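Each chain, letter by letter, is given below.
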Amino acid sequence: MNRTSGVSFARDAAVATAVLAGVYGLGYGVQFQPFQLPTYLLIVGFDALEVAFGSAGAGYDVLFAAYLVGLGVVGAAIARTVRENSKATDLAWWRLGAASALALVGVISLLFALSVLANGVQVTPVLVAGGAGVALLALAAWVGDVVRVAVRPTR
């Protein structure tokens, strides 16, 4: 690994972590329920880890912050893979980190929807979480320039 790829990995991890922290903060700052759903999904993802490894107890805040940083590192790994396999060279440096963070929340949402579907008969949470997951993955694809959507008319 050369110095440039190490810098881009660290930068992608920082961007992805900042986006995840922003998504988490959005749920507390905006009292509009659709914007609170991604925050809830991040908490559900952490709670699943707590079930697997035991309660965080008094260190919940520190471990949750470490969870967000860990997701940011996973997002950076996704961004690196996409960057290495992409033919696009005109993409802004921050976009892949942001797209990978949004995609991670989308995947968490879809996993939550599958979990609810497998464990119960409630359809509404499955539809809400599944719809949010698809929407977040679509947003990630747009931000990461996987899918191009013409916002302005071309000349």
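See the structure shown above.
Being a predicted model, the structure only gives us computed values, none of them experimental.

Conventions used here
- Residues numbered from 1 in each chain as written.
- Predicted model: local features only at pLDDT ≥ 70, side-chain atom pairs only at ≥ 80, totals over all residues.
- Heavy atoms only, no water.
- Helix = DSSP H or I, 4+ residues; strand = E, 2+ residues; numbered from the N terminus.
- Buried < 20%, exposed > 50% of the residue type's maximum accessible area, 1.4 Å probe, protein only.
- Areas by Shrake-Rupley, 256 points an atom, 1.4 Å probe, with all protein chains shown as cover.
- Axes fitted to C-alpha atoms, helices over the stretch in contact; angles between N-to-C directions.
- Left-handed = near helix turned anticlockwise from the far one by under 90°.
- Contact = heavy atoms within 4.5 Å.
- Nonpolar A, V, L, I, M, F, W, Y, C, P; charged D, E, K, R; others polar.
- Expected span 1.5 Å × (residues − 1).
- Phe/Tyr/Trp six-rings, centres within 6.5 Å; stacked < 30°, edge-to-face > 60°.
- Core = buried A, V, L, I, M, F, W, Y, C linked by side-chain atoms within 4.5 Å.
- Patch = residues over 30% accessible without salt bridge, like charges linked within 9 Å, V, L, I, M, F, W, Y side chains within 5 Å.
- Salt bridge = Lys/Arg side-chain N within 4 Å of Asp/Glu carboxyl O.
- 1 Å grid on protein atoms, 1.4 Å probe; cavity = no way out; pocket = protein on both sides within 12 Å on 5 of 7 lines; lining within 4 Å.
- Points joined across faces, edges and corners; volume = space filled by probe spheres on them.

Asks: Whenever I open this one, the overall build of the protein confuses me. Can you help?
Replies: On a plain count of helices and strands, the protein comes out with five helices and zero strands. Going from N to C terminus, the protein has its helices and strands arranged as α-α-α-α-α. Within the protein, the proportion of its 155 residues that are buried is 36%. Summed over its atoms, the accessible surface of the protein is roughly 9600 Å², and 68% of this surface lies on carbon and sulfur atoms.

Asks: Can you walk me through the packing of helix 3 (residues 60-85) against helix 4 (residues 95-119) in this structure?
Replies: A pair of packed helices is captured by two measures, namely the crossing angle of their axes and the spacing between those axes. Where helix 3 contacts helix 4, the axes come no closer than 8 Å and their chain directions differ by 115°. Of the two elements, helix 3 crosses helix 4, and the hand of that crossing is right-handed. Touching Y67, L71, V74, G75, A76, I78, A79, V82 and R83 of helix 3 are L96, G97, S100, L104 and I108, all from helix 4. The residue makeup of the contact of helix 3 with helix 4, split by class, is 10 nonpolar, three polar and one charged.

Asks: In this structure, what is going on with helix 5 (residues 124-143)? I would like to understand it.
Replies: An α-helix turns once every 3.6 residues. As a result, residues three or four positions apart point the same way. Between its first and last C-alpha atoms helix 5 spans 28 Å; for 20 residues at 1.5 Å apiece the expected length is 28 Å, and the two agree. Within the span of helix 5, buried status applies to V126, A129, G130, A132, G133, L136, A140, A141 and V143. For helix 5, the secondary structure elements touched by its buried residues are helix 2 (33-53) and helix 4. Positive phi appears at D145, one or two residues downstream of helix 5, with a value of about 65°.

Asks: Sorry if this is basic, but what is going on with the packing of aromatic side chains here?
Replies: The description of two aromatic rings rests on the distance between their centres and on the angle between their planes. For the structure on display, the rule yields nine aromatic pairs. With centroids separated by 5.3 Å and ring planes inclined at 85°, the aromatic side chains of F46 and F64 adopt a geometry described as edge-to-face. Of the two residues, F46 is situated in helix 2 and F64 in helix 3; the sequence distance between them amounts to 18 residues. The same class applies to F46 and to F64, which are both buried. Classification of F46 as buried rests on a relative accessible area of 5%.

Asks: Honestly, the nonpolar core in this entry has me stumped. Any pointers?
Replies: For soluble globular proteins, nonpolar side chains are generally found buried alongside one another. Judged by nonpolar contacts, the single largest core of 32 residues is most densely connected at L20, L42, F64, Y67 and L71. Those elements that provide at least two residues to this core are helix 1 (3-29), helix 2, helix 3, helix 4 and helix 5. Setting aside its immediate chain neighbours within four residues, L71 contacts L20, L42, L104 and I108.

Asks: Would you explain a nonpolar patch on the surface in this entry?
Replies: Taken together, the side chains of V107, L111, L114, L117 and L137 make up a nonpolar region of the molecular surface, amounting to roughly 440 Å² of accessible area. Per element, the largest residue contribution to the nonpolar patch is four residues, and it comes from helix 4.

Asks: Help me understand the layout of surface pockets in this model?
Replies: Computed from the structure, the second largest pocket encloses a volume of approximately 190 Å³. Residue lining of the second largest pocket: V23, L26, P34, F35, L37, P38, L102, G131, A132, A135, L136 and L139, and that is the complete set. It is helix 5 that provides the largest number of residues to the lining of the second largest pocket, a total of five residues. When grouped by side-chain class, the residues that make up the lining of the second largest pocket number 11 nonpolar, one polar and no charged.

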